[in-house]
Structures are given as C-alpha cells and as structure tokens.
Amino acid sequence: MSMMDKLASLSRFKTACPFLRTTQSNTLRSLSTLTSSRFPALSQLTESATKCPIMGPALQMRSTQLVAGYASVAAQADVQEIHHSKGIFPGSDFSDADIAKCPHASAARAAARMTQDLAAASNAQTTSVPKAAPPPAGGCPFHKVPAVGPQAPNANTFNYDQLFGAELEKKHKDQSYRYFNNINRLARKFPVAHTANVNDHVEVWCANDYLGMGNNPVVIETMHRTLDKYGAGAGGTRNIAGNSAILLALENELASLHRKPAALVFSSCYVANDATLSTLGAKLPGLVYFSDASNHASMIQGIRHSGAKKVIFNHNDLEDLENKLKMWPHETPKIIAFESVYSMCGSIGPISEICDLAKKYGALTFLDEVHAVGLYGPRGAGVAEHLDFEAHQKAGQSPEAIKDSVMDRVDIITGTLGKAYGSVGGYVVGSRDFIDMIRSYAPGFIFTTSLPPASVAGSRASIVYQKYHIGDRALKQVNVRELKERFAELDVPVIPGPSHIVPVLVGDAGLAKQASDKLLHEHGIYVQAINYPTVPVGEERLRFTVTPRHTIEQIDGLVRAVNTVFTELAINRTSDWTKLGGRANVGVGKDDVKPIWTKSQINTAGVPQALQNGQPVVVDSAAVDIVRKEFEGLLGPVGCERKVEGELFTGAVALATKGLAKHARVPRTIDSLEVPAAIQVPVSA
C-alpha cells in the first residue's frame, strides 16, 4: 500500500476514532513515516495504535494471519518456481543468511518480526515476549531453519537485534544486499577455484589478481623461504617490532618503480588513501579537495575524515574541474584527487591534462593507480608511466625521475599490492618530506600491525618480476581485446572504455544477481554482480576480468554462457539500449574507444597469443633469476639442494598446464622443471 493510500484510509476512520479525529493530518503523516525507536519493525503510528483497546487486538490478529499466509505454500514445485524466478538456487546446507535470499522466507521473517514488535508494544510491562514462529512451508528448504530471530528483550530496553534486522531488510528490499559466494582459488590451477564443495570446480572471471601473480612460482618460492626464516607475523607496529629489512626493501622498490624519492607501505590501499587524505586535510590550513565524482570509497572516506572542504567535479570533466578551481584564490591550498583506471566502468583519467590544471591553479595532484599498477607501462608502474611508454622503456630500471614526464608531474601516487601483484597491502609514494610527514602523523599507519614478512617478500618479488617481464600484461591485453570483440559480435552490451576492465551492462539489480547465479550454478563460471552503491541504480552490471592465464577455450565457453543467460533472462542487448536512448555510455555511439595499449606496445613482448588448453604457461627465467638475486642478501642463494623449492616449481608449472576438469583431454605430466624464457624485447636499458 502506498503512503497516499494509507493516509486516505486514515481519513475515512477519523469520525470513528477520537485519536485520528483530534490529530492534525501533518502529524499523522509524520507518525506513519517515522520508524519507532523501540520497535524497528513498526511505524510510530502503529506503535501508538497498539495502545488502543480496539486497534491493538485487531493489529495482532492481522499480523498472525500474515505470518500464517506466508507459510501456506506447500508444493515443492511452487516453491522451486518462486526461487528460480528470483535467480535463487538453494543447495543442501542453509544458514541464516540463506533465509534472506528466499523472497518467501524473507517476507515471512519480516511479518514475524512485526508480530513480535506488536506483541511487545501492546504490553510494555511484560518482560517475556511471545515468539511468533510461522508453521513451516513444506516445499521451502529455507524454512527448515526458523525464520524468526531471537526473542525480544525486556520491553524497557532497546531491541538491538531487531534494529539490525530492520536495517538488513532495507538492503533486501532495495536489492543492494551483498551475497558473498564461497570461492576458493586454487594456486596450482589458476584461474580455477572450488566452491564450498572441494570437488566442485568453477572458472573465476572477476578476480582482481589480474596477472595471476598470486600463484607465480617465484613469488610462492620467495614467500616460503621468507616464512621459513622469519616466521608468520611481523611482531608489532612499525614503531615497535615491525620495521624489518624486508619491509624497508619493499618501500625502496616501490619508490624506484614510480621514480619517486620515497614510499610508505600500509595494510591496504583503502587504508593508504584514507590515512593520507585525512592527514593532509588536517595539516594543510584551509585545504580544498577537488574530487572526481567516480572516486573510490576509500578516497571519499579519507576526504570526509579530513574535515577539509570538498568540491566534486563531474567524472573526467576537465571543463567542470577548471570552472570549480577558478572559484578559489590561487593561494588557497588545493588537492585534485582522482584515479587512473576507474574499476567499475573502465574509463581512464586525463592525468596529463589534470596536471596542467593543477599547475595553473596552484594545486597538488593525488592519483590513485590501484587498478593500474602492474598492468600499464613498460615496467608496470601504471598509467602515468604508460603515457610516456618509450621514454620509460629507454630509461630502464633507473630510479631517477624523468623530468616533465607525466609520472614526474604527479605529486602523490597510491597503489595496491593486492591486485595485479597478487599479494596484500597498499602504499603511497611522493617526496621525502611528504612521506615522512604521513609516517609521523597518520593514525592508520602508526597504530596498525605491520604486514607479515612473507606477504611483504611476496609483494616485492612480484614487483621485481613484473618490472623485468612485460609479457604478462601484454598477453592480458590480447585477451581483453578478444573478449570485447566476441561480446560485441553477439550484441552483448560492454560499457566502452580503453582499459582492461570488461563491464557488461545489465541495468537491473535483480537481473544482475540472477545472471550471476545462473552463470555459476549452470555454467561453472563465477562473476559477481555489481549493484548499488558501487554503481548507480539502473547501471547494475557484471564485471569481467580476463587474465593472461585464461585460455582461448575458456573464453569461448564464457562467451557462449553469457549469450545463453542473456537470452534466457531477456536482458537488454546493445541494440535494445540504443532504442531506449542508451545508458552508462552503452547505445549512445561511444562504442569505438581505442585501447590505451597500442599494438606496437603489445608487440614489444613478441606478438603474444592467447593460451590454449594444455599449453604451458610462460615463466620468464631471466626475471626469475633477477628476483632470486635481489633476495640473496636476506634469504641466501637458491641451491639445487632445495627439494621443496624444486617440487614447488615442477608441480606449479605442471598443474598450471591443466585446464578445467570439464574440458576433456589427456593429462600432461612434467617430470622435471624446464622454465621457458619469455619471448620479448628487453625493457631494461
């Protein structure tokens, strides 16, 4: 019933009810829209009605009828149809979270909670509130678990659990509730994972381990050796016991990667962004942040925590940014905060042009390269490096800045170790004094336990490997182009962009969830639905990330499965969006976007081609040797006597050549390790 219908019903009963007759309409409207502070399932008006000798019993009777009604569907076929129509495929094990997935059980639980609150509100002096448990629906597996939460506490105390439940109900109603699938990536079968059932294997198409470095043999080897020597944990914060030689070496490596004077490592880049932006806002007097409208939540939080003024400019809109910069005096401290690759739409920020505006109006630049480090540039330093590809390639591994290059002009760069580098952690790079100030003042750095030594070593090994091996990121670009072209041929609506992100527009939260579930349960393909608040309502999507390790056969299977699911669920295609006027840049004539990686840049890796099932994965032996050499000072040389290490490499490469179990073929066995060298043009000078 709409709010207008409710108010119309109230007006009809004014003559019969003294409360309604003597209360003004605007007061009734307010009471009917505000939630009771004591009973979250009720409005303030309903709470008041429970005190009425006539309405109180009537409300309890009606709520009991609602609960019974929601439990009346008994036929298994009917229940299955309800579940499948909502994109829900229940398994054999049910948790409390599973109840929320079922529209039938969720409604029953909401009605039961309302019954609990009505009972508590009608007798505020009663300490024991009756539990309104609906009779089980014979065909609904979710009703095997009680749909009603714990009993309400003493009526004189606040009902915390019911408030929590009411907040969750809001998420379910607007379809923004997040479901976490049980996905366990297999290090030796990347990009394959198993679900809750260890024998149920699926392909992963949405992980941010963009290059598969989380299972690179030399990364795993380095982590094993570090774990053996330095143990599991760091032992404390950087100030207490966590300031290790391995961590200092990682920070030097990151500073060298970005050709900046200094770097600082955090537990994640969310923390790095939050801590850095909030500290800058606290220290720069009168600071004004100019923030891109599509910035990540970590940047938004950091700016909010800083207490500084904030001005939002339209996404990648240089004209709007300049118009807003003009409004502030030149001497006012300003920071322009933006990203290089926007991970949900795949767009790339105009870094060079923003640097021009920053210089013109006296601002610092803060660039988030989280979804770019490892993936762009001849050494993997990100988009800022990629924009001067040849110059950085010529400079090789020198840590010195290339004067007036785009990367040199950016003042502050943040990045992650948990995506393309396959490990965990975040960082910020910049001038020595800036880094030292953040180190000295940022609570998110000072009061956090340091990352484990093995993770730190793995991160550095990954960075070094990618600095000397361009083949992985070049092959990734080949696969990205292949997937985008295949989707376009089938009218699958890919949101256009020049980066490696492949976002497919669905345009409806429910449909996006259904599509994700069908791909997982019917096709063995895992890709997560992206809904509000990550993306705007109406722009829900499936976000695909193809890696260099996905084979051409796996790409074929993905394209067929997505095409089938789009047909079965009648999801709009590109041509449909064109007829509707377009959405999220789909169907508006912006499909011809040139990739930031040119063919000549890709071919510096030697014309890479997508792998086929059974084809061995290339491991660059020269890059492996460099990584091992970098760690000799702390971990010692890698000798032939290391049986564990030898088995690791042999097993990793052997199992990496295996595809999914669903692809029938003769298994290949590797008896000894021969690491093939990558075909590439050397990056170093």
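None of the values given here were measured: they were computed from a predicted structure.

Student: Now, about the overall build of the chain: what can you tell me, with residues and values included?
Tutor: Counting secondary structure elements, the chain contains 29 helices and 14 strands. Here the chain, with 685 residues, has 52% of them falling under the buried criterion.

Student: Break down the packing of helix H22 (residues 471–489) against helix H24 (residues 552–568) for me, citing the residues and quoting the values.
Tutor: Here H22 crosses H24 at 30°, and the two axes come no closer than 10 Å. On the basis of their axis angle, the class for H22 and H24 is roughly parallel. Judged by the sense of rotation from one axis to the other, the crossing of H22 with H24 is right-handed. In contact with Asn479, Glu482, Leu483, Arg486 and Phe487 of H22, H24 contributes Ile552, Ile555, Asp556, Leu558, Val559 and Val562. Of the residues that constitute the contact of H22 with H24, the class distribution is seven nonpolar, one polar and three charged.

Student: An account of the pattern of salt bridges is needed here, citing residue identities and associated values.
Tutor: Scanning all chains against the criterion turns up 19 salt bridges. Between Arg409 and Asp356 there is a salt bridge; the shortest N-O distance is 2.4 Å. Of the two residues, Arg409 sits in helix H18 (residues 406–409) while Asp356 sits in helix H15 (residues 351–361), which places them 53 residues apart along the sequence. We classify Arg409 as partly exposed; its relative accessible area is 26%. We classify Asp356 as partly exposed; its relative accessible area is 41%. One salt bridge in this structure joins Glu482 and Arg486, with 3.4 Å as the shortest N-O distance. Separated by four residues within a single helix, Glu482 and Arg486 lie in helix H22, roughly one turn from each other. One network of salt bridges, in which partners are shared, links Glu253, Arg460, Lys467 and Glu630.

Student: With reference to specific residues and values, describe helix H19 (residues 432–441).
Tutor: Listed as buried for H19 are Phe434, Ile435 and Ile438. One face of H19 carries all of its buried residues, which in axial projection span an arc of 95°. Structural note: H19 exposes Arg432 and Asp433 on the side pointing more than 90 degrees away from its buried face. Those residues of H19 hidden inside the fold are in contact with strand E4 (262–266), helix H12 (269–283), strand E9 (412–416) and strand E10 (426–430).

Student: Outline the packing of aromatic side chains, supporting the account with residue identities and numerical values.
Tutor: Here the structure, examined in full by the defined rule, presents five aromatic pairs. Aromatic side chains Tyr177 and Tyr179 sit 5.0 Å apart centroid to centroid with 75° between the ring planes, which places their arrangement in the edge-to-face category. Seen from the ring of Phe631, Arg460 lies directly overhead, with NZ or CZ sitting 5.1 Å from the centre. A cation over an aromatic ring shows up here: Lys513 above the ring of Tyr179, its NZ or CZ 4.5 Å from the ring centre.

Student: I'd love a proper account of the nonpolar core, names of residues and values included.
Tutor: Within the largest apolar cluster, 69 residues are counted, with the highest numbers of intra-cluster contacts made by Leu254, Ile336 and Ile351. Ignoring sequence-local partners within four residues, the contact set of Leu254 consists of Ala263, Val265, Leu417, Tyr427, Val429 and Ile463.

Student: Residue-level account of unusual backbone geometry, with values.
Tutor: Residue Pro191 is bonded to the preceding Phe190 through a cis peptide linkage, with omega at 10°. Within the secondary structure layout, Pro191 lies in the loop between strand E1 (184–185) and strand E2 (192–194). Here the residue pair Tyr532 and Pro533 is connected by a cis peptide bond, since its omega of 10° sits within 30 degrees of zero. In this fold, Pro533 is placed in the loop between strand E13 (529–530) and strand E14 (541–544). Of note in the backbone geometry, Arg259 takes a positive phi value of approximately 55° without being a glycine.

Student: Summarise the environment of Thr226; cite the residues concerned and give the values.
Tutor: The topology assignment puts Thr226 in helix H10 (residues 217–230). Along the primary structure Thr226 and Pro453 are separated by 227 residues, whereas in three dimensions their C-alpha atoms are 6.7 Å apart. Once residues within four sequence positions are removed from consideration, Thr226 is found in contact with Gly231, Ile246, Pro453, Ala454, Ala457 and Leu635.

Student: Describe the sheet that holds E14, with residues and values.
Tutor: Pairing within the open sheet is antiparallel, and its three strands lie in the order E11-E14-E13. Two strands bound the open sheet, and with one partner strand each, they are strand E11 (502–505) and E13. Most of the contacts of H22 go to E11, to which it runs at about 15°, and overall it touches E11 and E14. Running at roughly 45° to E14, helix H23 (residues 509–523) makes contact with E13 and E14 of the sheet.

Student: Quick one: what's the story with the packing of helix H21 (residues 453–468) against helix H27 (residues 621–630), residue by residue and with numbers?
Tutor: One can describe the packing of H21 onto H27 by two numbers: an axis separation of 9 Å at closest approach and a directional angle of 140°. With respect to H27, the element H21 is oriented oblique. By crossing handedness, the relation of H21 to H27 is classed as right-handed. Note on element contacts: H27 touches H21 through Ala623, Val624, Ile626, Val627 and Glu630, opposite Arg460, Ala461, Val464, Tyr465 and Tyr468.

Student: Help me get a handle on the environment of Ala196, residues and values and all.
Tutor: Tracing the backbone through its elements, the reader meets Ala196 in the loop between E2 and strand E3 (201–204). Classification of Ala196 by relative accessible area gives exposed; the value is 62%. Other than its neighbours up to four places away in sequence, Ala196 contacts Asn182 and Asn184.

Student: Provide a residue-level description of the sheet that holds strand E6 (residues 309–313), including the pertinent values.
Tutor: Reading across the sheet, the seven strands line up as E4-E10-E9-E8-E7-E5-E6 and stay open at both edges, with mixed pairing between neighbours. Since the sheet does not close on itself, it has two edges, and those belong to E4 and E6, each with one partner. Between one strand axis and the next, the sheet turns by 20° as a mean value, whatever way the strands run. Relative to E9, strand E8 (residues 363–368) runs parallel, the two being bridged by three bridges. Residue pairing in the sheet places Asp368 in a bridge with Thr414 of E9.

Student: Which residues make up the confidence of the model for the chain, and what values do they have?
Tutor: Looking at the chain, the pLDDT average stands at 84 and 76% of residues meet or exceed 70. The low-confidence segment residues 125–133 (pLDDT under 50) makes 16 contacts with residues lying over four places distant or belonging to another chain. Confidence drops under pLDDT 50 across residues 655–685; counting only partners more than four residues distant or on other chains, this segment forms 72 contacts.

Student: Explain the pairing of E8 residue by residue, including any values.
Tutor: Of all six residues making up E8, five are buried, and the element is well covered by its neighbours. Note that strand E7 (residues 334–339) and E8 share six bridges and pair parallel. Within the sheet, the bridge partner assigned to Ile335 lies in E8 and is Leu364. Taken together, E7, H15 and E8 form a β-α-β motif whose crossover is right-handed.

Student: Lay out helix H9 (residues 160–173) in plain terms, naming residues and giving numbers.
Tutor: Between its first and last C-alpha, H9 extends 20 Å over 14 residues, near the 20 Å set by a 1.5 Å rise per residue. One side-chain oxygen of the residue at the start of H9 lies 3.0 Å from the amide nitrogen of Gln162, identifying that residue as Asn159.

Student: Quick rundown of a nonpolar patch on the surface? Include the residues and the values.
Tutor: Residues Phe158, Tyr160 and Phe164 make up a contiguous nonpolar surface patch of roughly 340 Å² in combined accessible area. When you line up the elements, Phe164 lands in helix H9. According to the relative accessible area criterion, Phe164 is partly exposed, its value standing at 49%.

About the cut-offs
- Residues numbered from 1 in each chain as written.
- Predicted model: local features only at pLDDT ≥ 70, side-chain atom pairs only at ≥ 80, totals over all residues.
- Heavy atoms only, no water.
- Helix = DSSP H or I, 4+ residues; strand = E, 2+ residues; numbered from the N terminus.
- Buried < 20%, exposed > 50% of the residue type's maximum accessible area, 1.4 Å probe, protein only.
- Axes fitted to C-alpha atoms, helices over the stretch in contact; angles between N-to-C directions.
- Parallel < 35°, antiparallel > 145°, perpendicular 65-115°, else oblique.
- Left-handed = near helix turned anticlockwise from the far one by under 90°.
- Contact = heavy atoms within 4.5 Å.
- Nonpolar A, V, L, I, M, F, W, Y, C, P; charged D, E, K, R; others polar.
- Salt bridge = Lys/Arg side-chain N within 4 Å of Asp/Glu carboxyl O.
- Arc of directions from axis to C-beta.
- Phe/Tyr/Trp six-rings, centres within 6.5 Å; stacked < 30°, edge-to-face > 60°.
- Lys NZ or Arg CZ within 6 Å of the ring centre and 35° of its normal.
- Core = buried A, V, L, I, M, F, W, Y, C linked by side-chain atoms within 4.5 Å.
- Pairing = 2+ DSSP bridges.
- pLDDT = per-residue confidence, 0-100.
- Right-handed = clockwise from strand over helix to strand, strands pointing away.
- Expected span 1.5 Å × (residues − 1).
- Polar contact = N/O pair within 3.5 Å; in protein donor to acceptor, adjacent residues only side chain to side chain.
- Patch = residues over 30% accessible without salt bridge, like charges linked within 9 Å, V, L, I, M, F, W, Y side chains within 5 Å.
- Areas by Shrake-Rupley, 256 points an atom, 1.4 Å probe, with all protein chains shown as cover.

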